[in-house]
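Report on the structure
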Amino acid sequence: MAVEDQRERILSEAVKLLAAAGPSGLSTRAVATAAGVQTPTLYRLFADKDGLLDAVATFGFESYLAEKRAFEPADDPIDDLRRGWDVHVAFGLANPAIYTLMYGSVRPGRQPAAAAENRAILRGMLERANAQGLLRASVEAAAVAIEASTTGAVLLLLAQPEEARDVELIRPLRDIVLNALTEQNAPAESSPIADRAQALLGIVAPTKDVDPVTDAGFSGSEAGLLREWLARLNEASR
């Protein structure tokens, strides 16, 4: 059996085992047995148990990511954020074991590839909204708020008996969060200069690990001064 076919068989059996026994039942020995391979083969393909868990999460999340990748941008980027929220919640409720592995088993310092790609897709939606002057917070702050509220809401529902998992219970949260983070319509009196300053502020805002301005060769004081000028230009032009 080709290595890629063997890898896919292992992941397929691991997803089935995960659905049947939950994350606690996903041992390397159990997965190897289900896939009909020796445990050393599993380690050769996935390095360690964390590598296997990451691969299982990404494999199980693939249908969700495929749907998100295929999104045709709406005229209103807020509609994309709303639709993305609904798809995320629907996937979590339909695939509780995979979702719990992705978001309910926190391993500090490690993020499954699927979670990283999902976050990149979300950031792309937010950057598009920001470029149109529709974002009230930085892209990074908005991404954190949306991720926290969606995952928290889904995990809350998954903690309930299956018959009590009513998506309508968390639908108001979606609207509250998106209304707080976005302008539903660009202000008619908005200045083009202010819009561009606000959009550029979102692009040059530092994240937890990266400052795009200092990465471009500017000093920390120069980066701070640039952001201060953009903020003042944003305010003065409105």
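These numbers come from a predicted model, not from an experiment.

The end-to-end C-alpha distance of helix α4 (residues 49-69) is 28 Å, a good match for the 30 Å that 21 residues give at a rise of 1.5 Å each. Along its length, α4 reaches its greatest deviation from straightness, about 55 degrees, at E62. Every buried residue of α4 is accounted for by G51, L52, L53, D54, A55, V56, A57, G60, F61, Y64, L65 and K68. Where α4 is buried, its residues contact α1 (3-21), α2 (28-35), α3 (39-46), α5 (77-94), α6 (96-104) and α7 (113-131).

Moving on to the packing of aromatic side chains. How two aromatic rings sit relative to each other is set out by the distance from centre to centre and by the angle between their planes. Scanning all chains against the criterion turns up five aromatic pairs. Ring centres of F61 and Y64 lie 4.6 Å apart, and the angle between their planes is 50 degrees; on these two criteria the pair is classed as tilted. Highlighted residues: F61 and Y64, both in helix α4, separated by three residues, approximately one helical turn. For F61, a relative accessible area of 1% puts it in the buried group. The interplanar angle of 85 degrees and the centroid separation of 4.8 Å between the aromatic rings of F61 and F91 together place this pair among those described as edge-to-face. Here F61, found in helix α4, pairs with F91, found in helix α5; they are 30 residues apart in sequence, far enough to count as distant. Of the two residues examined, F61 and F91, each falls in the buried class. Through a chain of ring-to-ring contacts, the aromatic side chains of F61, Y64, F91, Y99 and Y103 assemble into a single cluster. One Lys or Arg, R83, reaches over the ring of F71 and ends 3.9 Å from the middle of that ring.

The rules we used
- Residues numbered from 1 in each chain as written.
- Predicted model: local features only at pLDDT ≥ 70, side-chain atom pairs only at ≥ 80, totals over all residues.
- Heavy atoms only, no water.
- Helix = DSSP H or I, 4+ residues; strand = E, 2+ residues; numbered from the N terminus.
- Expected span 1.5 Å × (residues − 1).
- Bend = angle between axes of the 7 residues up to and from the residue.
- Buried < 20%, exposed > 50% of the residue type's maximum accessible area, 1.4 Å probe, protein only.
- Contact = heavy atoms within 4.5 Å.
- Phe/Tyr/Trp six-rings, centres within 6.5 Å; stacked < 30°, edge-to-face > 60°.
- Lys NZ or Arg CZ within 6 Å of the ring centre and 35° of its normal.

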